[in-house]
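A structural walkthrough
One-letter residues, chain by chain:
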Protein chains: 2
Amino acid sequence: MTTAALPVARTVAALRAQVAAWRAAGERVALVPTMGGLHEGHLALVRRARDLAPRVVTSLFVNPTQFAPGEDFDAYPRDEPRDAALLAAAGCDLLYAPTAGEMYPDGFSTTVTVAEVSAPLDGISRPHHFAGVASVVSKLLNQCGPDVAVFGEKDYQQLLVIRRMVRDLDMPVQIVGLPTVRDADGLALSSRNAYLTPEQRPIAGQLNAIIKAAAEALRGGEAVEAVEASAQAALSQAGFERLDYLEVRAADDLARLGPGPIAAPARVFVAARLGRTRLIDNWPV
Amino acid sequence: MTTAALPVARTVAALRAQVAAWRAAGERVALVPTMGGLHEGHLALVRRARDLAPRVVTSLFVNPTQFAPGEDFDAYPRDEPRDAALLAAAGCDLLYAPTAGEMYPDGFSTTVTVAEVSAPLDGISRPHHFAGVASVVSKLLNQCGPDVAVFGEKDYQQLLVIRRMVRDLDMPVQIVGLPTVRDADGLALSSRNAYLTPEQRPIAGQLNAIIKAAAEALRGGEAVEAVEASAQAALSQAGFERLDYLEVRAADDLARLGPGPIAAPARVFVAARLGRTRLIDNWPV
C-alpha cells in the first residue's frame, strides 16, 4: 500500500491557516491529540474522527508539563516518520507537531486546573499530571478550533478531566471518548508497553483479567471492599511489583463507592508497576 | 433621545445563536466584559468596540469568584435596566446577562490561574481575585467567541493577566486595552466611586494627582525608593486611611524596579482605602 506524504504543521499559524481553509469550504474538523508512539488504539481514534468529520488533525506533542521529574519524559517513544506514515494510512489529513518553544514561549505562566475528578487515582500518584494535561489540551483545542476531539477511554480519568474542563470553560467543542483497544490477552495498548521485557509481558496481560473479574464480582453483588482486597491480592500474586491503586469508583465523577455492594454506575481502576513500567487500565461494572 | 430596547441573552445558547447569525452574515464581533454599574469608562469601551467590529456584545455578570468573603459582592451596584439603556445609546447590539447558575453549574470545578503577573499588587491584597477573573473571562470569551475583546487600563494588572492568559492558552481573540476615563480632578471612573461619601470624594480626587507627581519625579531621574516613599507619605497626608500598595513596577510584566532611577518602561500602581471603599489607579512613567 502506498500513501501520500502527510502534510505537517509546526506552528499555530500554519495549523490555523489549514483549518481556516477547510472551514471556508464548509468542512467540519476533528482533532485527535496524541503524544506519538502511535499504536492501534490511536489509529482507532483517527478512524472514529474520520467518521465524525471530513477533516482530521492529529497532534503529536510529548508534553513536558504532564511528566514529573523522574518520570519517563526522556524515554517516551519518539518516531515521527513512523507515526506520520501510520496516520496517513489511517486517513489523517494533517499532522500538527509543534516544537516545545511554540507551545511554551518564554514567560509562559498559565495553568488550567480541574478540581474533584483530578484528585483521586492518578491525581495522587502523579500530583501535577492533570494540570499539565488540562492546560495542554486547552491549548491544542484553542489552537486548532475543532468541532470535535476524540480521546481514548484507556486514560479514563483524563477523559473525565477534559470533559469537565470543556464544560466548565464553555469551550465550543464536542468531546468523544472511545473504548480501549487491547491485545489478544486483554492488555490495553499503550505507548509504554514498549518498555516491557519479554518476561514482564505475560504478567502485564493479567492486569485486564483481574479488573474484569473484579467487575464481575461487583455485578454479582459482592461488597466493594472485598472485591478491591481480592483484586489487590491477585495483582501481587500475578507478579506486579507495586500497586499505585486498585479502586472501584463512580463512573461519572470518580466518587468513592461502598461500603457494601455498588448502587451506581461504577468502574474499576488500576495502576500497577512492573519494573520501571507503570501500567493503567479500567473496566466498567 | 430615544433608543430601541437592547436585546438581552440570558443563556450561552442564546448568545451563540446571535453571534452565529452575525458570523453567517460575515460580521466581526467585539466583546466588552463588565460587571455592570456602568459609567462613562465602560461606555468608552463600547464605543471603541464599535470602531473595531460592526457588532458589539457587552456582558454583565457580577462574578462571585473574584470577590473574597467580606468584600463588596453583595453591595456591588446592580441596575440592569439603567445599564441596558446606557448600552443601547452607546451602540451596543446585545446585552449578555447570564445567571450565576448558567455560569457556574453544579459540579463546576475548573480554574485558570496565571502566575507571575497575578502575584504582586492586587494579587497580594486579594489573593484569589485574578484566578476568578481569568476563569470567568476565559468562559466569557469561549461563550461569545469574539474577534476582539476590550478592557480598561484602570484595571491594568487585570489587563496584563488577561493578555497573558490569552497568549498562553492560544485563545483566538485580540485583546485591546483602553486608557482610563477620569473625572475632572483625575479620579478614575469606577463603579465603586458610588460608595464614596461627600467628605471622601475630594480626598479620592488626590489619588491620581499623587501618582502623576510620582511618575513625573521618576521621569526626572529620582530613585524608585524615594519616589515611592514620598508618594506614600502624600497619600497618608491627603487622608487615605489605609494603603494596600504604592509601587513602581515594569509596565510589561510588573517586575520590581530599582534600586535607583528606572531604566525600563514603568508604571506607578496604587491601591488605597477610604472607609470601606478601595480605590485603585495607575499611571505610566
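Scroll up to find the structure this text is about.
Report follows, based on the coordinates.

Procedures and definitions
Residues numbered from 1 in each chain as written. Chains lettered and ligands numbered in written order. Predicted model: local features only at pLDDT ≥ 70, side-chain atom pairs only at ≥ 80, totals over all residues. Contact = placed C-beta atoms within 7 Å. Helix = DSSP H or I, 4+ residues; strand = E, 2+ residues; numbered from the N terminus. Nonpolar A, V, L, I, M, F, W, Y, C, P; charged D, E, K, R; others polar. Pairing = 2+ DSSP bridges. Axes fitted to C-alpha atoms, helices over the stretch in contact; angles between N-to-C directions.

This part takes up the interface of chain A and chain B. Between chain A and chain B, the contact holds 23 residues from the first and 23 residues from the second. Sorting the residues of the side of chain A that touches chain B by element identifies strand S5 (110-114), helix H6 (129-144) and helix H7 (156-168) of chain A as the ones contributing at least two each. No other element matches S5(A), which puts 5 residues into the side of chain A that touches chain B. For the side of chain A that touches chain B, a count of residues per class yields 9 nonpolar, 9 polar and 5 charged. In terms of strand pairing, S5(A) meets strand S5 (residues 110-114) of chain B through 5 bridges, oriented antiparallel. Its bridge partner being in S5(B), Val112(A) is matched across the sheet by Val112(B).

Now for the sheet that holds strand S10 (residues 277-284) of chain B. All names here are of chain B. Strand order in this open sheet of 3 strands is S8-S9-S10, and the pairing throughout is antiparallel. Single-partner strands in this sheet number two, and they are strand S8 (242-250) and S10. Adjacent strand axes in the sheet meet at a mean angle of 10 degrees when their direction is disregarded. Summarising the sheet, strand S9 (residues 266-274) and S10 pair through 8 bridges and their orientation is antiparallel. Pairing of Val270 across the sheet is with Asp281, part of S10. Along the sheet face, helix H9 (residues 206-219) touches S8, S9 and S10 and points at about 30 degrees away from the line of S10.

Moving on: the sheet that holds strand S10 (residues 277-284) of chain A. Residue and element names in this part refer to chain A. Spatially, S8-S9-S10 is the arrangement adopted by the 3 strands of the open sheet, whose pairing is antiparallel. Of all the strands in the sheet, just strand S8 (242-250) and S10 have a single pairing partner and so form its edges. For this sheet, the mean angle separating the axes of adjacent strands, direction not counted, is 10 degrees. Of the pairings in the sheet, the one linking S8 to strand S9 (residues 266-274) comprises 8 bridges and is antiparallel in character.

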